[in-house]
Amino acid sequence: MKFRATATLGKSALDPKDGVLLLAERDSALELVHQKSWPAALAKLTELVRRNPGYTTLLLDLGKAQLASRQVDAALATYRRAVEVNPRRIE
């Protein structure tokens, strides 16, 4: 499963069946964040970002988890990547 972003429009092309799996994996990672299971949450989010580098939402999720786990430099780098991937999206 690979997420591809269209840089000019900031939109994506994702096969719907892959999207269901991706959302389930993201939900699982966010549950780990909610539980403050930082090593597991960061590992899962990092892997999701590795497999889906153009998915801005995952980058933002990873940045938030890094910040919450006091990995400030890593969070800043991740947020910068999110802006590079989709400069029009600000949350």
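Predicted model, so just to flag it, every value in this text is computed and none were measured.

Student: How should the pattern of salt bridges be read in this particular structure?
Tutor: Opposite charge on two side chains lets them pair, provided their charged atoms get close. In total, this model carries four salt bridges according to the counting rule given. Close ionic contact of Glu25 with Arg51 constitutes a salt bridge, the shortest N to O distance being 2.7 Å. Taken together, the positions of Glu25 in helix H1 (residues 16–34) and Arg51 in helix H2 (residues 38–51) put the pair 26 residues apart, joining distant regions of the chain. The residue Asp61 makes a salt bridge to Arg26 at a minimum N-O spacing of 2.5 Å. Remark: Arg26 occurs in helix H1 and Asp61 occurs in helix H3 (residues 56–68); sequence separation between them is 35 residues. Per residue, the accessibility class of Asp61 equals that of Arg26, and both read buried.

Student: Looking at this structure, I do not really get the environment of Leu45. What am I missing?
Tutor: Along the polypeptide, Leu45 turns up in helix H2. A C-alpha to C-alpha distance of 9.8 Å links Leu45 and Leu32, two positions 13 residues apart in sequence. Excluding anything up to four places from it in sequence, Leu45 contacts Ala29, Val33, Asp61, Leu62 and Ala65.

Student: Hey, could you run me through H3 in this one?
Tutor: Residues spaced three or four apart along an α-helix point in a common direction, a consequence of the helix completing one turn every 3.6 residues. Taking 1.5 Å as the rise per residue, H3 with 13 residues should run 18 Å; its terminal C-alpha atoms sit 18 Å apart, in good agreement. Taken across its 13 residues, H3 has 10 buried, putting it largely inside the fold. Here H3 has its buried residues at Thr56, Thr57, Leu58, Leu59, Leu60, Asp61, Leu62, Gly63, Ala65 and Gln66. Phi for Arg70, located one or two positions after H3, is positive at around 65°.

The rules behind each value
- Residues numbered from 1 in each chain as written.
- Predicted model: local features only at pLDDT ≥ 70, side-chain atom pairs only at ≥ 80, totals over all residues.
- Heavy atoms only, no water.
- Salt bridge = Lys/Arg side-chain N within 4 Å of Asp/Glu carboxyl O.
- Helix = DSSP H or I, 4+ residues; strand = E, 2+ residues; numbered from the N terminus.
- Buried < 20%, exposed > 50% of the residue type's maximum accessible area, 1.4 Å probe, protein only.
- Contact = heavy atoms within 4.5 Å.
- Expected span 1.5 Å × (residues − 1).

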